[in-house]
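Letter by letter, the chains look like this.
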Amino acid sequence: MRVITYKEAIREAIREKMIEDERVFIIGEDIGVYGGAFGVTMGLIDEFGPKRVVDAPMSEASFTGLAIGASILGLRPTVEIMFADFLTFTADQIINQAAKLRFMTGGQVKIPLVVRSPQGSGTGAASQHSQNTEAWFFNIPGLKIVVPSNPYDAKGLLKSSIEDNNPVIFLEHKLLYSLKGEVPEEDYRVPLSKTKIVKEGSDITVVSTSIMVQRAIQASEILEREGISVEVIDPRTIKPMDMEPIIESVKKTHRLLVVYEGCLTGGIGGEIVSRIVESPAFLYLDAPIMRIGGKDIPIPYNRNLEKLSVPQVEDIVKKVREIVSEDWYA
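Residues numbered from 1 in each chain as written. Predicted model: local features only at pLDDT ≥ 70, side-chain atom pairs only at ≥ 80, totals over all residues. Heavy atoms only, no water.

S.K.: Before we go on, may I ask you to explain the overall build of the protein in this structure?
M.R.: Check the secondary structure of the protein and you find 11 helices and 14 strands. Taken over the C-alpha trace, the protein has a radius of gyration of 20 Å; the compact-globule value for 330 residues is 20 Å, and the two agree within 12%. With the C-alpha coordinates of the protein rotated into their principal frame, the extents come out at 65 × 45 × 40 Å. Taken as a whole, the protein presents about 14,000 Å² of accessible surface, with 54% of it coming from carbon and sulfur. Of note, the protein has its 37 positive side-chain charges centred 2 Å away from the centre of its 45 negative side-chain charges. (Helix = DSSP H or I, 4+ residues; strand = E, 2+ residues; numbered from the N terminus. Rg over C-alpha atoms; globule rule 2.2 N^0.38 Å. Areas by Shrake-Rupley, 256 points an atom, 1.4 Å probe, with all protein chains shown as cover. Lys, Arg positive; Asp, Glu negative; His and termini not counted. Charge placed at Lys NZ, Arg CZ, Asp CG, Glu CD.)

S.K.: Help me out: how do you make sense of the nonpolar core in this one?
M.R.: Nonpolar side chains tend toward joint burial in soluble globular proteins. Ranked by internal contacts, the top residues of the largest apolar core, which has 51 residues, are Ile10, Val53, Leu158, Val230, Leu257 and Val320. Looking at this core, the element that brings in the most residues is helix α7 (residues 211–224), giving 7 residues. Taken domain by domain, this core gets at least three of its residues from each of domain 1 (3–182) and domain 2 (196–325). Other than its neighbours up to four places away in sequence, leucine 158 contacts Ile10, Ala13, Ile14, Val114, Arg116, Asp153 and Phe170. (Core = buried A, V, L, I, M, F, W, Y, C linked by side-chain atoms within 4.5 Å. Buried < 20%, exposed > 50% of the residue type's maximum accessible area, 1.4 Å probe, protein only. Domains from an automatic or database assignment. Contact = heavy atoms within 4.5 Å.)

S.K.: Is there a simple way to think about helix α6 (residues 151–163) in this case?
M.R.: In an α-helix, one turn spans 3.6 residues, which is why side chains three or four residues apart end up on the same side. For α6, with 13 residues, the first-to-last C-alpha span of 19 Å sits near the 18 Å given by 1.5 Å per residue. Within α6, 11 of the 13 residues are buried, which leaves the element mostly enclosed by the surrounding structure. Those residues of α6 that sit buried are Pro151, Asp153, Ala154, Lys155, Gly156, Leu157, Leu158, Lys159, Ser160, Ser161 and Ile162. Its side-chain oxygen 3.2 Å from the backbone nitrogen of tyrosine 152, asparagine 150 forms the N-cap of α6. (Expected span 1.5 Å × (residues − 1). Polar contact = N/O pair within 3.5 Å; in protein donor to acceptor, adjacent residues only side chain to side chain.)

S.K.: When you look at the domain arrangement of the protein in this model, what are you seeing that I'm missing?
M.R.: One widely used convention gives an interface's size as the accessible area the parts lose upon coming together. Split into domains, the protein comes out as domain 1 (3–182) and domain 2 (196–325). The gap between the C-alpha centroids of domain 1 and domain 2 is 26 Å. With 32 residues of domain 1 in contact, the opposing surface of domain 2 contributes 27 residues. For the domain 1 and domain 2 pair, buried surface summed over both sides reaches about 2,300 Å², with 55% attributable to carbon and sulfur atoms. Of all residues in domain 1, Glu134, Phe138 and Ser149 bury the most surface against domain 2, accounting for 24% of the area lost on that side. Linking domain 1 with domain 2 are 2 salt bridges, by the criterion used here. Here lysine 196 ties to aspartate 153 by a salt bridge, and the two come within 3.9 Å at their closest N and O atoms. The tally of links from domain 1 across to domain 2 stands at 15 residue pairs in polar contact (both at pLDDT 80 or more). Of all elements in the fold, only β6 (144–146) and α6 reach the threshold of two or more residues within the side of domain 1 that touches domain 2. (Buried area = accessible area lost by both parts, 1.4 Å probe. Salt bridge = Lys/Arg side-chain N within 4 Å of Asp/Glu carboxyl O.)

S.K.: How should I be thinking about the pairing of strand β13 (residues 256–263) in this particular structure?
M.R.: Regular strands show a simple pattern: their side chains alternate between the two faces of the sheet. The element β13 is extensively covered by neighbouring structure, given that 7 of its 8 residues are classed as buried. Inspection of the sheet shows strand β10 (residues 204–208) paired to β13 by 4 bridges, in the parallel sense. In the strand pairing of β13, valine 207 is matched with valine 258. For the segment spanning β13, helix α9 (residues 268–277) and strand β14 (residues 290–294), crossover handedness is right-handed. (Pairing = 2+ DSSP bridges. Right-handed = clockwise from strand over helix to strand, strands pointing away.)

S.K.: I would appreciate a short explanation of the pattern of salt bridges in the present structure.
M.R.: Tallied over the full model, the rule gives 25 salt bridges. Put simply, arginine 15 and glutamate 47 hold a salt bridge, and the shortest N to O gap is 2.8 Å. Of this pair, arginine 15 sits in helix α1 (residues 6–20) while glutamate 47 sits in helix α2 (residues 44–48), placing them 32 residues apart in sequence. Residue arginine 15 is classed as partly exposed on the basis of its relative accessible area of 35%. Through salt bridges with shared partners, a single network forms among Arg2, Glu12, Glu16, Lys17, Glu20, Lys155, Lys159, Glu163, Asp187 and Arg189.

S.K.: Just checking my understanding: could you explain the side chain of lysine 159 for this structure?
M.R.: Within the secondary structure, lysine 159 is located in helix α6. The exposure class assigned to lysine 159 is buried, which follows from its relative accessible area of 0%.

S.K.: Would you take a moment to explain the sheet that holds strand β2 (residues 24–28) for this structure?
M.R.: Strand pairing within a sheet occurs via backbone hydrogen bonds; the two strands may be parallel or antiparallel. Spatial ordering of the open sheet is given by β3-β2-β4-β5-β7-β6-β12, a layout of 7 strands whose pairing is mixed. Each edge of the open sheet carries a strand with a single partner, namely β3 (53–55) and β12 (237–239). The sheet shows a mean angle of 20° between the axes of neighbouring strands, direction not considered. With 3 bridges joining them, strand β4 (residues 76–80) and strand β5 (residues 114–119) adopt parallel strand pairing. Within β5, the residue paired with valine 79 across the bridge is valine 115. (Axes fitted to C-alpha atoms, helices over the stretch in contact; angles between N-to-C directions.)

Structure representation (structure tokens):
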């Protein structure tokens, strides 16, 4: 199978959907001639022209609102927000309009809208351009939230998101854009709300999202050499989240660690922990459930401090050793 980057996989998904369906268009700042802040939409304007690859002015609220209106009228827009931090400018349009209009009209309108945005730390972009935003929209009914961790899932999930009749927040980690992986040339979809067991194991379940999936895999390889078998799970769609594979995994391994980049307080890990506590898996636990999240601080500009502010491979390794080695109920 051919190998391409995460960035190329996303571009392919957009391009193929635009070829398949003339209702699909993309809009955002600098996505045309410039190809987007991270080059994801490079070349699309040459193929589809400025009416379907729309360079928008620096007003996220206005062009997101435009896209919502277009979706109501039957088009299928994909909005690119240059940095996920700037989703704050779109809050009213997404939270009070896109997320609620289908419900408020009794299903008379659909909102087939995708809002794509790069998130996360690791590029030295400081506090206003480096936040993990997964939890921001997690509390809002009516939205779907997708966080792909690899090129294969990125392409398949984006196609499914564009075809969905509900608003989808599609978050791409900046450090994953250069990640290479196998992606088939033939057409395929990855269904939304389908949790994936990335690596099977028997001693502990590690649930992680976005770039933390890659770090969990690296940690599991280190731990494997120490005789600790780690099951790595990627929800892929965190809202609505498919919990059944996570519940069954915890029943098998008897231990759970949740790893996410966003701030520990109020992060998605707390919801996963709560659902396990409320499930039959709770009775199978041999150790307390643990979380690793980002520090409750703005992301620092200094590269060393930036790295310390979010979970790294060594943090996952250390925490797994702690959970597995202790006889908590002795």
